[in-house]
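# Understanding the architecture of this molecule
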Amino acid sequence: MAVVDGMNAFERAVKRIFDFVCSFLGIVVLSPVFLIVYVALRIQNDGSVIFKQERIGYKGRAFNIYKFRTMCVDSEPNGKPQLAAKGDERLTKVGRFLREHHLDELPQLFNVLKGDMSFVGPRPERQYFIDRIRKANPDYDYLFMIRPGITSMATIHNGYTDTLDKMLVRLQMDLEYLQKRSLWLDLKLIFTTVFYIVNGKKF
């Protein structure tokens, strides 16, 4: 199945300018929240405050995604990648709160500022899981046409992708987004995400 990007070159340029400006403003405005989370994680004293992990993004390039640390340091003791799930026992007390309110994602504003990510786009995955998804559906490669995002249709409606089946459902939703995406759709997804977070809806 051939997949075509729903955005033209002009829209993609506007989207990138929007990402750059809004991520910069977001970092400035939310700096007090960054500080509070930093202090809370320092008091907890369980490893580094910022967690970084290699993900695969635009054009298949690897980059480091940034998050506030929510899990204990030895969360993958055998070295095999494990998917996070709701109620994951590896979450620290502070980490559980950050996850529930999506505050752990705030450092990804720096990923958006750098151009590794966008506000809206498919969630970036590790190569280990991409290889598993591609065996079931090679159409995953189409997602390399666009920058991964902090939020997406799949993030809002599919929730935690803690199984391969959920990953394949998410892939179909991401491919649908790629074909239908527009600046208006991006704004709707951003406002929906913010609305859900403010109102405490779990996703």
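Our subject is the structure that appears above.
Residues numbered from 1 in each chain as written. Predicted model: local features only at pLDDT ≥ 70, side-chain atom pairs only at ≥ 80, totals over all residues. Heavy atoms only, no water.

## Some details on the overall build of the chain
Heads up, the rule is: For the purposes of this entry, the term helix denotes a DSSP run of H or I that reaches at least four residues, the term strand denotes a run of E that reaches at least two, and both are numbered from the N terminus. By definition in these notes, contact holds between two residues if any of their heavy atoms fall within 4.5 Å. For accessible areas, the Shrake-Rupley method is used with a probe of radius 1.4 Å. Any residue's cover is judged against the shown protein chains and nothing else.
Within the chain, the regular secondary structure consists of eight helices and four strands. For the chain, the N- to C-terminal ordering of α and β elements is α-α-β-β-α-α-β-α-β-α-α-α. C-alpha atoms of the chain, sized along the principal axes, occupy 50 × 40 × 30 Å. Within the chain, counting contacts between residues at least 6 apart in sequence, those at least 24 apart form 71% of the total. Carbon and sulfur atoms form 61% of the exposed surface of the chain, whose accessible area is close to 10,900 Å².

## What about the packing of aromatic side chains?
The relative placement of two aromatic rings is captured by the distance of their centres and the angle of their planes. To keep things clear, this is the line we draw: Stacked, edge-to-face and tilted are the three classes for Phe, Tyr and Trp ring pairs, Trp counted by its six-membered ring, which pair at centre distances within 6.5 Å; planes under 30 degrees apart are stacked, over 60 edge-to-face, the rest tilted.
Overall, the coordinates contain six aromatic pairs when judged by the stated rule. With centroids separated by 6.1 Å and ring planes inclined at 80 degrees, the aromatic side chains of F34 and F110 adopt a geometry described as edge-to-face. Placement of F34 in helix α2 (residues 31-44) and of F110 in helix α4 (residues 108-114) is noted, with a sequence separation of 76 residues between them. Feature note: the residues F34, F68 and F110 constitute an aromatic cluster, connected by ring pairs.

## Focus on the packing of helix α1 (residues 9-29) against α2
Helix-helix packing is characterised by the crossing angle of the two axes and by the distance between the axes. Rules: Helix axes are fitted only over the stretch in contact, all axes being lines through C-alpha atoms; the angle between N-to-C directions runs from 0 to 180 degrees. Angular relationships are summarised with four words: roughly parallel below 35 degrees, roughly antiparallel beyond 145, roughly perpendicular across 65 to 115, and oblique for the angles in between. Residues are sorted three ways: Asp, Glu, Lys and Arg are charged, Ala, Val, Leu, Ile, Met, Phe, Trp, Tyr, Cys and Pro are nonpolar, and all the rest, Gly among them, are polar.
α2 packs onto α1 with a crossing angle of 55 degrees between their chain directions and a minimal axis gap of 4 Å. As the angle between them shows, α1 and α2 are arranged oblique. For the pair α1 and α2, the contacting residues are I27, V28 and V29 in the first and S31, P32 and F34 in the second. Grouping the constituent residues of the contact of α1 with α2 by class yields five nonpolar, one polar and no charged.

## Description of the pairing of strand β1 (residues 50-56)
Formally: The criterion for strand pairing is that DSSP finds at least two bridges linking the strands in question.
Note: β1 against strand β2 (residues 62-68), seven bridges, orientation antiparallel. Bridged to F51 within β2 is K67. Between β1 and β2, which pair antiparallel one after the other, the connecting turn spans five residues, and K59 there sits at a positive phi close to 60 degrees.

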